[in-house]
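Chain by chain, the residues run as shown.
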Amino acid sequence: MAAAVDSPMEVVQAALPEEAAPEAAGLSCLVNLPGEVLEYILCCGSLTATDVSRVSSTCRRLRELCQSSGKVWKEQFRVRWPSLMKHYSPTDYVNWLEEYKVRQKAGVEARKIVASFSKRFFAEHVPCNGFSDIENLEGPEIFFEDELVCILNMEGRKALTWKYYAKKILYYLRQQKILNNLKAFLQQSDDYESYLEGAVFIDQYCNPLSEISLGDIQAQIGSIVELVRKTLRGINSRHPSLASKAGESSVVMEIELQSQVLDAMNYVLYDQLKFKGNRMDYYNALNLYMHQVLIRRTGIPISMSLLYMTIARQLGVPLEPVNFPSHFLLRWCQGAEGANLDIFDYIYIDAFGKGRQLTVKECEYLIGQHVTAALYGVVNVKKVLQRMVGNLLSLGKREGIDQSYQLLRDSLDLYLAMYPDQVQLLLLQARLYFHLGIWPEKSFCLVLKVLDILQHIQTLDPGQHGAVGYLVQHTLEHIERKKEDVGVEVKLRSHEKHRDVCYSIGLIMKHKRYGYNCVIYGWDPTCMMGHEWIRNMNVHSLPHGHHQPFYNVLVEDGSCRYAAQENLEYNVEPQEISHPDVGRYFSEFTGTHYIPNAELELRYPEDLESVCETVQNIYSAEKESAE
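The structure contained in this document is the topic of the report that follows. Not measured: the values here are computed from a predicted model. (Residues numbered from 1 in each chain as written. Predicted model: local features only at pLDDT ≥ 70, side-chain atom pairs only at ≥ 80, totals over all residues. Heavy atoms only, no water.)

1. Some details on the overall build of the protein
- Looking only at helices and strands, one finds 25 helices and 13 strands in the protein.
- Here the protein holds 627 residues, and 46% of them are scored as buried.
- Taking all contacts inside the protein whose residues are at least 6 apart in sequence as the whole, residues at least 24 apart take part in 62%.
- For the protein, the accessible surface area stands at approximately 32900 Å², while carbon and sulfur atoms represent 51% of it. (Helix = DSSP H or I, 4+ residues; strand = E, 2+ residues; numbered from the N terminus. Buried < 20%, exposed > 50% of the residue type's maximum accessible area, 1.4 Å probe, protein only. Contact = heavy atoms within 4.5 Å. Areas by Shrake-Rupley, 256 points an atom, 1.4 Å probe, with all protein chains shown as cover.)

2. A short note on the sheet that holds strand β8 (residues 517-524)
- In spatial order, the strands read β10-β9-β8-β7-β11; together these five strands make up an open sheet with antiparallel pairing. The outermost strands of the open sheet, each flanked by one partner alone, are β10 (560-564) and β11 (568-570). Mean inter-strand twist for the sheet, computed between neighbouring axes without regard to direction, equals 50°.
- Two strands pair when backbone bridges link them, and strand β7 (residues 508-511) and β8 are joined in this way by three bridges, in the antiparallel orientation. Opposite lysine 510, over in β8, you have asparagine 517 as the bridge partner. (Pairing = 2+ DSSP bridges. Axes fitted to C-alpha atoms, helices over the stretch in contact; angles between N-to-C directions.)

3. Quick notes on the pairing of strand β12 (residues 586-589)
- As defined by bridge partners, β12 adjoins strand β13 (residues 594-596) across three bridges and the pair is classed as antiparallel. When the bridges of β13 are listed, phenylalanine 589 appears paired with tyrosine 594.
- Counting the residues that bridge the hairpin from β12 to β13 gives four residues, and of these glycine 591 lies at a positive phi of roughly 110°.

4. Concerning the nonpolar core
- Judged by nonpolar contacts, the single largest core of 75 residues is most densely connected at Met265, Tyr308, Ile311 and Leu319.
- Aside from chain neighbours lying at most four places away, what touches isoleucine 311 is Ile221, Ile224, Val225, Val228, Met265 and Leu269.
- In terms of nonpolar packing, the next biggest core, distinct from the first, is built from 31 residues, Met509, Phe586, Leu600 and Tyr604 among them. (Core = buried A, V, L, I, M, F, W, Y, C linked by side-chain atoms within 4.5 Å.)

5. Side note on helix α16 (residues 360-367)
- Buried within α16 we find Val360, Cys363, Glu364 and Ile367. Along the axis of α16, the buried residues cluster in a sector spanning 95°; they form a single face. In α16, the exposed positions angled more than 90 degrees off the buried face are occupied by Lys361 and Tyr365.
- Contacts made by the buried residues of α16 are with β4 (329-333), β5 (346-350) and β6 (356-358).
- Within two residues after α16, glycine 368 carries a phi angle of roughly 75°, on the positive side. (Arc of directions from axis to C-beta.)

6. Section: the pattern of salt bridges
- Here the structure, examined in full by the defined rule, presents 16 salt bridges.
- A salt bridge links arginine 103 to aspartate 146, with the nearest nitrogen and oxygen atoms 2.9 Å apart. Of this pair, arginine 103 sits in helix α7 (residues 96-121) while aspartate 146 sits in helix α9 (residues 141-152), placing them 43 residues apart in sequence. Across this residue pair, the class does not change: arginine 103 and aspartate 146 are buried.
- Several salt bridges share partner residues, and in doing so they unite Arg103, Arg111, Asp146 and Glu147 into one network. (Salt bridge = Lys/Arg side-chain N within 4 Å of Asp/Glu carboxyl O.)

7. Some details on a nonpolar patch on the surface
- Residues Val488, Val490, Leu492 and Leu602 make up a contiguous nonpolar surface patch of roughly 320 Å² in combined accessible area.
- Checked against the element boundaries, leucine 602 lands in helix α24 (residues 598-603). (Patch = residues over 30% accessible without salt bridge, like charges linked within 9 Å, V, L, I, M, F, W, Y side chains within 5 Å.)

8. A short note on unusual backbone geometry
- Unusually for a residue other than glycine, arginine 297 sits at a positive phi of about 55°.
- Turning to its location among the elements, arginine 297 is positioned in the loop between α14 (290-296) and β2 (298-299).
- Phi angles above zero are rare outside glycine, and lysine 354 is one such case at about 60°.
- Mapped onto the elements, lysine 354 comes out in the loop between β5 and β6.

9. Quick notes on the side chain of glutamine 292
- The residue glutamine 292 is located in helix α14 in this model.
- Excluding its chain neighbours within four sequence positions, the residues that come into contact with glutamine 292 are Leu286 and Arg297.

10. Quick notes on the packing of helix α4 (residues 49-56) against helix α6 (residues 71-80)
- One way to put it is that α4 packs onto α6 with a least axis distance of 10 Å and a crossing angle of 165°. As the angle between them shows, α4 and α6 are arranged roughly antiparallel. For α4 against α6, the interelement crossing comes out left-handed. Where α4 approaches α6, its residues Ala49, Val52 and Ser53 are matched on the opposing element by Val72, Trp73 and Gln76. (Parallel < 35°, antiparallel > 145°, perpendicular 65-115°, else oblique. Left-handed = near helix turned anticlockwise from the far one by under 90°.)

11. Digging into the sheet that holds β5
- Reading across the sheet, the four strands line up as β3-β4-β5-β6 and stay open at both edges, with antiparallel pairing between neighbours. Strand pairing shows two members of the sheet lacking a second neighbour, β3 (320-322) and β6, which therefore form its edges. Taken over all neighbouring pairs, the strand axes of this sheet differ in orientation by 40° on average, direction set aside.
- Here α16 sits on the sheet and contacts β4, β5 and β6; the angle it forms with β6, its principal contact strand, is near 110°.

As far as function goes, none of this settles anything; it's purely spatial.
Shown next as C-alpha cells:
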C-alpha cells in the first residue's frame, strides 16, 4: 500500500525543532528548509499570485525560489489557466511571471469589452466594425480567446448577457483566423492534394466554438486504418500495406492487392464500425462536417468519399475524387500506369453506398441520366471544397428557424473566399446584410461595405444594374432613417394605454394552440405589424383581433415570434428556454423566470416588479395546491 503524501503544513511542522516556538521559529526556520520542500510548499496550490509576490520579497532565498522563470510561477500560471499550457513546449525558456501578467491584463481588457457590448449593440446585430476593439488589443490572441472561454464556462444560470457576447466575439476571432488559414491553403499549387485538410478548414469555420483540429481527425482516421490493417492481415499476412508504419504509405502496384485493401476497408467501415450513408436525414449540415461524420458514422456522398479516399491512400490504394453530378464518387484505375486511359479503364466507388463498385453504365443508372466523359474526370482540392461549400450554401438557403441565417452567412464567406467575383453570391450577400439589419451604431461602416459590394457587382456585370440600383436605393434610405432615430422607447405598465397588458418580460409562457414554450422579451399594447402580416397570419379570426396586446417571444425551437395575448398562458412548469438570443435580453434565469439585463430593463422599467408579483402569486399557489 502506498504511503500517504504529507500536506505542506505537515512537512513544515516536521522540519521545525520541537522546542521552537512559532514566533521564534518564524521566517528563519522556514528558509532553512531544504529547497525541494520549500518549492513544494510554494507550489501547493493554496497560495495566490499575491501571496507568492509577498513571499518573494521577504529574503534572498525565497526570491531565488520564486524567480520569474521558475517552477513556482509556472505552477501559478498552470493552476490559473490550465488550458493554455498546451501552447508551451517543455524545452522553451518562459518568463512565467511576465506571462502571468500579460494573461491577467488580457483578461481584464477582454472583460471590459464584453461588458460594453450589450450597451453598444443591444438594439441591433453586432456590426462589422464592432470587433475593432478586440482586434486592436495588444498581446497574444490566445490569451483573449482563453478569457472568453472562461466566461462561457462560468457555472450556473447567471451572466447570460456576458456569455452571449463572449460567444459572438470568440466566434468572430476564430473565424477570422480560420479564414486566413484557408486562403493561404488555397494558394497551394494544384498538385497539393490534402483534401482532408481543406475539409477540416470548412468544418472549423462553420463550428468555430468546437475544438476541431486536423491532428485529432487524422488520429481518429489512423485508428480506423489500423483496424483495416488488422483485417487485412487475416486476408494476406504478407500484404505490402502491412509493412508501412503509421502515417506512412507507399502505392501498392498490383490490382489484386489493392482489391484486398478495399475488401478489408468495406468490412471494417460498413460491417464492423457501421458507417453508412445518411438517407434518412440527408439535408443536414452535420453530414458535411468531418468531425461529425466520424462521431455519427454517417454522411453524404462527398464526405463519405473523402473519408474512404483518405483511408485507402494511407493503405497504398490511390483513389481519386470524381465530381459526378448529384452523387460524388471515387475512381479506381484498372489500367496500366502511363497508358492512354479513358473512362472505361476505371471502376467507380460509391462510398455512400457501402463501397459499391460501379461501371460507367451503373454510374449513369445511379443518377438516372447520361453524362459526358468529362464528368468522370478527377478534380482538384479547390473543386472538391467548392462542392462541399455549395452544399452548405444550399442548406443555408433552406433555413427556416434560424433567423440569424448563420449557416448561409458562413457558407457565403467560404465560397467568396474561393471565388470572390461570383456576382450572384455577392448580390445575395448584400441582400442578406440588408435583411439582417447589421448596421453600426454611430457610423455606417456596413452601409459602406454593402455599397462597396454593389459597386463591385456593377463592375463585374453591368447587366445587374436593376438589382444593384434597388439595393443602393434601400441602403441610402436606411441611412436617412438612422439619422431620424429618436432613441430608446420606454414602455411603462402604469400608463393608461397599457392597461390591457397582462404579462411582463421575463415570464415563461406556453402557447395555447401550438403548445410551444417561450419567454417574453417585449410587448405592444396592440398589434404593431402591417396589414399584410395581419392578413397572412389570419389575426382577424381571433376573438379580440389585432386590438389586443401582442408579445415578442423567444421560442424553445430557436425561433422568434409575435403572439397575441389571448393565445398565451402561464407555464405551470417553467424551464429554461434554449434560444440563442436569450442572453441578448436577459442576465439570469432564476428557475421560475428570467431577469432582464440593464438594456431591456431600461425599455420596460416597471416590468421586473410585476414579474416578481406574478411569480409569487402563480407559483406559490401552484405549490400550495400540490401540497
